[in-house]
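Structural overview for review
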Amino acid sequence: MADNVEAIQKSIKWYLIIGGILILASGATVWLSFVELPTHSLNILVGMILATIKATLVALIFMHLNHERSLIYKILLFTVVLAVVLFALFIFSHEDPLVFPGFYAPVEQQ
Amino acid sequence: MDIPYTVHARPDTGLYNAKIGIWLFLASEVMLFGGLFSAYIFLRVGADYPWPVHDLDVTLGFINTVVLIASSVTVVMAWAMLKLRKFAWYRINMAITVICAGVFMFNKSLEYKAKFSHYAVKLTDGTMLTGHLPNGYHVKFDGVKELSITIAGGNKAVDADPVDVVLPAIEGDVPKFKFPSGTEQELNAATFGELQKATRKAAYEAYQAKRDGMIADAEKVLAAATTPHAIYEAEKRLAIARNYNVIPDTKITLVAASPIKFAANTSDIFGYTDTTLTFCDGTIVTGKLTDDKMTLQVDGVDARGVAQSEKSLAFDHRYLGDAWQKAFVENRDHHIATFEHDYPTRDKTRSATLQKDSLFFKIHTSTPPAEGKAHGDKHGAEAHAPAENHGSGHDYPTVVLEKKDFTFFSNFTPKLNTYYAIYFTLTGLHGLHVVAGALVLLYFLAFDGKRLRQDPEHLANRVEVGGLFWHFVDLVWIFLFPLLYLL
Amino acid sequence: MSAAATTHDHAHDHSHDDHAHGHHEQSFVWKYIFSSDHKTIGMQYGITGLIFLLFGFFLMLLMRWSIAYPGIPVPAVDVIRHLPILGDFFEGMFGRWLNADGSLNGELYNMLGAMHGTVMVFFGIVPLGFAAFGNFVMPLQIGTIDMAFPRLNMMSYWFFFISCVLMMYSFFVGTGPVQTGWTMYSPLASTMNMGVTSIWKHGHIWWLLAMVFNISASLLGSVNFIATIINLRTKGMAWMKMPFFCWAMFVTAFLLLLAFPPLEVAAILQLSDRVFGSSFYLPTGLMEGGKQLDISGGGSPLLYQHLFWFLAHPEVYVLILPAFAILTDIIPCNARRPLWGYKSMVYSVLTLGFLSFLVWAHHMYLTGMGTMMSTYFQITTVLISVPSVVLLTCLMVSLWGGSIRFNTQMLFASAFLPMFGIGGLTGLPLAFSFIDLAMHDTYYVIGHFHYVVAPGTIFALFAGVYHWFPKMTGRFMNDKLGKLHFWPSLIGMNLVFAPMFIQGMAGFHRRWYDGGKYFENTSAMSHWTTTLTHKIGAFFGFNIPDNMLSLNIVMSIGAFILALGQVPFIINFWFSIKGGKKITSDNPWEATTMEWATPTPPPHGNFLFDPVAHRGPYEYSVPGHATDFYPQWESEPGKPDLKAVAEKAQAHH
């Protein structure tokens, strides 16, 4: 952890730079959302990738996760795995690949 | 008593207590917002209506994003300044953080406020009309001479509460009422309370008298019974009498001194027919239904739910009429043509943006535009949130919708659809976190001066922990902003 | 005592005995009510939890009456409802819903069912098992002075207390308490009783508010537990020297920490559906009573079930892990043998904790999830039985070759093993969707999870009460009364829950308030158990019919025996506080873990010396050692001088 004076002084510059990057990235997200990509899902994907990058920056730099104790990583890893499970299974329960057409509703007439 | 490791880290874990605590709390928060985001995914994937995209005010949202990022920078700066023992800079950074939180919440309140007065109405053919209800929506009754209220004997879900439920719905002066006692007096909390008390007492006495009578009868029968079967039956009857617990409801009629007009909110009534109106406290009034039409100032026609959009019920001659229909078609065809020109290879039906631009027609004037001008509004394709139009000086065409033509209406609140429901839940909970975080930081700034002088290291720990929470709030917003405002 | 007992940071002298004059004289309120001492909070949680267990049990008795004797007045109801104060409470909570003849109806049965589940799970077992024992014992076992955040700990209890008050208040509102099961499934839960004068007359609102407070309380508690275990372990208390009790509490706290937030989400969204008219859980076109509801639709009931079971499956392990935790202290102590397979138990409990998050949708086979989801959840569900079996097996093997002391807590502990075994093994078939489709919502399921929770967890909790009572009060609970508590409980539990398997496989549904009388086709079946019941009844001169309905009577008799069995416990518990046999040593059971190194009852700050963990927690019958137990805190045999410490403690009182 950046506990000594020099390290903190050095990191102050980085805090400002990262803040600037985050604001620019937010602008980029807004702009990209108005660009008509081939499908809207692609828009969502791009937007979410940008958001994830921003979130990672906040977590690593502002929240000092770039030099944290292993214990914190373990707790967070466990949490993130569970959150991913939550997302993934929710999506799968909606769009189960093993459901054959006509399982829930009659097959649409061609 | 001192708990160890509150200030300095434990050597083998390298952490002080509060830091473990806050990270655990944040892990729990990840699951809280994780649950909410997965609900968002679930609702969006399963939505059976076009999911609103760019419906909110993107500018305001972007400003809030910048504000929150800036506050995130300042809070970490505050911590760093405290570590470097630059107390003045610490105070400045902390103050900016708290001010940023204030700005954020102010913007949020602007955003919310506009939505409460903006309405959407679903017509029977699936068209959604958006706009404002200048007078609200009321079911109007006339010629009501008496209130027929039901005072529940026991503790019931529906119990007469005319003062809070019925009286606010009266249009014009509230007359005096003739009470069952024969006196004519005002109906207010005090007089009704008395009436309620007396009625309940009478009902309870009636119940007791009835129970006593039943017991006496049963005892008489029991005394007269001789055969085992008769005794068994009589004992059963006695048990029923002893357990008799039905305290009767009392119907009371309050006669009004002069006929009353009602204009009732739909949320305050159970239902109505041409002649009767039932309030949610069980009060029934008899009169004549005069008006249940809805007067709507239309600022948008969303025909995405209609098979043939130009034949939407909104363009019926009673409502918007032919001229607006023409403007709608022109706008629609213009957008389709532009899309075909820009993206010749793409499937028109699969572009949500095109669907929205072509079929969700925004109205900014009270009269239909001259030919060829319908698409002149350059906001058309942009994030011009209808919710923000209110009070910006526009005039709108007014339609009077008949009850049979619309099935559902709501202001832009959680009731409107699942998008607004999750929008309000997510941003509302996020807002609560902002407020809570700001209060904690404000406490450090305003009331922790002693610690600042005596034990800055401890305060630095506290600021770090508060800051971690604050960054998390920022982090959530980083996902909220694109998901709700942009995508 | 403060200076001596408090600090680990500062070096200090063992010999100085200033523990007496350091006492802050606290007023009663701050000492016993708004206390931030982990032991007081533990006891507050414990007593609240015990009271709620009794209350939940009472709800169940009313239900059982209705099942066995539908349409017949509840016995003595006309006396109870006309009692001075109690009668008014009874009338406000239950009496006003009874039929005119004093018998139960379906409406009241549903309220009782929903509240029985809610009260038992969220207000009885979790507070008692996790919060009470965890708070009291865990900091002592890791050798620290208090929790990492004492004031948060106090807040946790008071949030819990608020949630208790709100939940109880829901009995007195206009609609009565919720009627839709402890699972509170939407859309039924969201749309039931839409017609109310104001939403505050609705039990559902109060249920949800109470749950929000309850969840906040467990959140604060679990953060505290984990931080304490990570950071406040005393010198020498390495992770693998920590008693299994603390490991189990550690995992339980993680389950609470990460599983409860999705339930909070579920509750908030349901609250929004109810208060703001949103449609999170309401599908498009939902009708009620032939009328289209005034909602937008677009939501999904499945969303609720996912969010709910994401909590509620880990919650099952929150119920059972404290039981294992307690047993791992009681069984080695009373078998005078080390815990067998400590390491494998630790790894199992960690695996169990992780897997418990991945199995939730096995409660939802009937919702028509896709085949892939079903397959996935069947696999994980079968997987999770492996660590559970490891835990149970280790406990059983620990008994092998021991010289077992059959005191009350050991009786309960040893009864736990087969009872939990029955509960666990009957759960295996339910893991498979094709069997579950037939068994879903039958009494088979009820029997299965009650075997796990009632003669399982609750027996372990009783064992814990008997075990730590001397440490809490300085007095033993009476052993004779304890045995009088144990045997009727064991018989009663089995009479209640074993027939459920038979009824369940015959197709009896859990929500029949008349116990199946209405469904002649199902209930007319005969079985050797019903024949036996018929014959035994005939022997005593009762005419019990030879069909499935007779099992209802058996179960209700079982419940009655169980109720009688609790009387000695209640007497024992309250009278032993002041009148029990006094303990002669601070370590009356001759146990090895650190909570027994403190004076009795432990003072504010707990230890009179700086405890150091010199060895593992289960060093019983060590070859070559003078006694058959070798406590964690003893550096060399007999050092620090335990006797002197004990005398010091006696002088202190």
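Just so it is clear, the structure is predicted and the values come from calculations on it, not from any experiment. (Residues numbered from 1 in each chain as written. Chains lettered and ligands numbered in written order. Predicted model: local features only at pLDDT ≥ 70, side-chain atom pairs only at ≥ 80, totals over all residues. Heavy atoms only, no water.)

**Considering the pattern of salt bridges**
Residue and element names in this part refer to chain B. What the rule picks out here adds up to 27 salt bridges over all chains. Between Arg332 and Asp333 there is a salt bridge; the shortest N-O distance is 3.3 Å. A relative accessible area of 38% means that Asp333 is categorised as partly exposed. Shared partners join several salt bridges into a network, and the residues in it are Asp316, Arg318, Glu402, Lys404 and Asp405. (Salt bridge = Lys/Arg side-chain N within 4 Å of Asp/Glu carboxyl O. Buried < 20%, exposed > 50% of the residue type's maximum accessible area, 1.4 Å probe, protein only.)

**Side note on the nonpolar core**
Core analysis: the largest hydrophobic core is formed by 317 residues, its most contacted members being B:Tyr90, C:Phe94, C:Phe244, C:Phe245, C:Phe324, C:Trp360 and C:Phe416. Contacts of C:Phe245, omitting those with residues within four sequence positions, involve C:Phe133, C:Gly134, C:Val137, C:Met138, C:Gln141, C:Ala325, C:Ile326, C:Thr328, C:Asp329, C:Trp468 and C:Tyr618. Core analysis: the next-biggest nonpolar cluster, separate from the first, contains 57 residues, B:Phe177, B:Phe279, B:Cys280 and B:Leu359 among them. (Core = buried A, V, L, I, M, F, W, Y, C linked by side-chain atoms within 4.5 Å. Contact = heavy atoms within 4.5 Å.)

**Brief notes about the interface of chain B and chain A**
Opposite the 55 residues of chain B that make contact, chain A presents 52 residues. Both faces considered, chain B and chain A share a buried interface measuring about 4800 Å² in area, 80% of it formed by carbon and sulfur atoms. A:Glu68 is the partner of B:Lys19 in a salt bridge, and the nearest nitrogen-oxygen pair spans 3.1 Å. Where chain B touches chain A, the interface holds six residue pairs in polar contact (both at pLDDT 80 or more). For the side of chain B that touches chain A, the elements supplying multiple residues, two or more each, are α1 (17-45), α2 (58-83) and α11 (456-486) of chain B. Counting residues per element, the side of chain B that touches chain A draws most heavily on α1(B), at 15 residues. Partitioned by chemical class, the residues of the side of chain B that touches chain A number 36 nonpolar, twelve polar and seven charged. (Buried area = accessible area lost by both parts, 1.4 Å probe. Polar contact = N/O pair within 3.5 Å; in protein donor to acceptor, adjacent residues only side chain to side chain. Helix = DSSP H or I, 4+ residues; strand = E, 2+ residues; numbered from the N terminus. Nonpolar A, V, L, I, M, F, W, Y, C, P; charged D, E, K, R; others polar.)

**What about the pairing of strand β2 (residues 128-132) of chain B?**
Residues and elements named next belong to chain B. Burial of β2 is extensive: five of the five residues sit out of reach of the surface. Relative to β2, strand β1 (residues 119-123) runs antiparallel, the two being bridged by four bridges. Within β2, the position partnered with Lys122 by the bridge is Met128. In sequence, β1 turns back onto β2 through a hairpin of four residues, with Gly126 there showing a positive phi of about 105 degrees. With five bridges connecting them, β2 and strand β12 (residues 294-302) associate as antiparallel partners. Across the sheet, residue His132 finds its bridge partner in β12, namely Gln297. (Pairing = 2+ DSSP bridges.)

**A word on the packing of aromatic side chains**
Evaluation of the coordinates by the stated rule reveals 98 aromatic pairs over all chains. Relative to B:Tyr485, the ring of B:Trp477 has its centre 5.8 Å away and its plane inclined at 65 degrees; by these criteria the two rings are edge-to-face. Ring centres of C:Trp65 and C:Tyr69 lie 4.6 Å apart, and the angle between their planes is 45 degrees; this geometry places the pair in the tilted category. A relative accessible area of 28% places C:Tyr69 in the partly exposed class. Within the aromatic cluster, the residues linked to one another by ring pairs are A:Phe78, C:Trp239, C:Trp247, C:Phe250, C:Phe254, C:Phe310, C:Phe354, C:Phe357, C:Trp360, C:Tyr376 and C:Phe377. Across from the ring centre of B:Phe406, 5.4 Å away, lies the NZ or CZ of B:Lys403, which sits over that ring. (Phe/Tyr/Trp six-rings, centres within 6.5 Å; stacked < 30°, edge-to-face > 60°. Lys NZ or Arg CZ within 6 Å of the ring centre and 35° of its normal.)

**Description of the domain arrangement of chain B**
By domain assignment, chain B separates into domain 1 (17-117 + 416-486), domain 2 (138-292) and domain 3 (295-411). Relative to domain 2 of chain B, the C-alpha centre of domain 1 of chain B lies at a distance of 51 Å. (Domains from an automatic or database assignment.)

**Observations concerning a nonpolar patch on the surface**
Residue and element names in this part refer to chain C. Taken together, the side chains of Ile47, Ile51, Leu54, Phe560, Leu564, Val567, Ile570, Ile571, Trp574 and Phe575 make up a nonpolar region of the molecular surface, amounting to roughly 970 Å² of accessible area. Counting residues per element, the ones that place at least two in the nonpolar patch are α3 (38-68) and α20 (549-579). When residues in the nonpolar patch are grouped by element, the largest group, seven residues, is from α20. By the secondary structure assignment, Leu564 is in helix α20. (Patch = residues over 30% accessible without salt bridge, like charges linked within 9 Å, V, L, I, M, F, W, Y side chains within 5 Å. Areas by Shrake-Rupley, 256 points an atom, 1.4 Å probe, with all protein chains shown as cover.)

**Description of unusual backbone geometry**
Backbone torsion omega between C:Ser186 and C:Pro187 reads 0 degrees, so that peptide bond is classified as cis. Its place among the elements puts C:Pro187 in the loop between α7 (150-169) and α8 (188-191). Cis geometry marks the peptide bond from C:Thr600 to C:Pro601; its omega dihedral reads -15 degrees. Of note in the backbone geometry, B:His54 takes a positive phi value of approximately 55 degrees without being a glycine. Along the chain, the position of B:His54 falls in the loop between α1 and α2. Taking the relative accessible area as the measure of exposure, B:His54 reaches 9% and is therefore buried.

**Points about the environment of A:Ser33**
Take A:Ser33: it is sitting in helix α1 (residues 5-34). For A:Ser33, the contacting residues outside a window of four places in its chain are A:Asn43, B:His54, B:Leu486 and B:Leu487. Here the side chain of A:Ser33 touches B:His54 through a polar contact of 3.0 Å, side chain to side chain.

**Some thoughts on the packing of helix α16 (residues 443-473) of chain C against helix α17 (residues 479-505) of chain C**
All names here are of chain C. Relative to each other, α16 and α17 sit at 165 degrees, their axes nearing to 7 Å. Taken together, the axes of α16 and α17 lie roughly antiparallel to each other. Relative to α17, the crossing made by α16 is left-handed. Across the contact of α16 with α17, the residue classes tally to 17 nonpolar, nine polar and no charged. (Axes fitted to C-alpha atoms, helices over the stretch in contact; angles between N-to-C directions. Parallel < 35°, antiparallel > 145°, perpendicular 65-115°, else oblique. Left-handed = near helix turned anticlockwise from the far one by under 90°.)

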